[in-house]
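So the chains spell out like this:
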Amino acid sequence: MAFNDRIFGILLIVLAVAYGWGASQFPEPFGGSESIGPDTFPTLLAVVLGLSSLYLIVRPDPDNAWPWSRTGVELIVAVIVLVLYAMLLEPLGFIISTTLAVGTLCWRMGAAPLRAYLVGAVAGVVVFLLFSFALDLALPLGLLSFLEVS
């Protein structure tokens, strides 16, 4: 049923365009445009998603079926977790949101809850530090804003 892949590819292209448009709406950083700004990473993701979607449309898997079993439920849970992650990123902050999202996804994939959320916390802190200090890109601290160094 190549039809399923094509439908999914079309939906993903719509998502890629919306995501790319959203990335283009970021305000220009103070001091003018930079080679790497807040829109760089989301724009790259939108391009990769768009190209992957085109591949699904042009060359669909001839023998696929929608996973209506436990796998389908887990996919729906993953989508819900990612939507909640996007909604909670500003109010909770990057580190807490990432801890919750990565921890939940790891737990749903079979990791013990403590280990899953520990991995989420380490991932959140490491990526936050990488973006803040190596790439000099600000991520929201949210509830942890008291840790902000002036």
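Residues numbered from 1 in each chain as written. Predicted model: local features only at pLDDT ≥ 70, side-chain atom pairs only at ≥ 80, totals over all residues. Heavy atoms only, no water.

Draft legend 1. Layout of the packing of aromatic side chains. Summed over the entire model, instances satisfying the criterion amount to zero aromatic pairs. The ring of Trp-107 is capped by Arg-108, whose NZ or CZ atom sits 5.4 Å from the centre of that ring. (Phe/Tyr/Trp six-rings, centres within 6.5 Å; stacked < 30°, edge-to-face > 60°. Lys NZ or Arg CZ within 6 Å of the ring centre and 35° of its normal.)

Draft legend 2. Local environment of the nonpolar core. Of all hydrophobic cores here, the largest spans five residues; its members are Phe-94, Ile-95, Phe-128, Leu-141 and Leu-144. Residues within four places of Leu-141 in sequence aside, it is in contact with Leu-92, Gly-93, Phe-128 and Glu-148. (Core = buried A, V, L, I, M, F, W, Y, C linked by side-chain atoms within 4.5 Å. Buried < 20%, exposed > 50% of the residue type's maximum accessible area, 1.4 Å probe, protein only. Contact = heavy atoms within 4.5 Å.)

Draft legend 3. Local environment of the UniProt feature "transmembrane region" (unreviewed entry) in the protein. Under the UniProt annotation, the feature "transmembrane region" (unreviewed entry) is placed at residues 41-58, 70-88, 94-110 and 117-147. Summarising residues 70-88: 100% helix, 0% strand, and an end-to-end C-alpha distance of 27 Å. Strand forms 0% of residues 94-110 and helix 88%; the C-alpha atoms that close the span are 24 Å apart. (UniProt positions renumbered as here; feature names shortened; annotations may be inferred. Helix = DSSP H or I, 4+ residues; strand = E, 2+ residues; numbered from the N terminus.)

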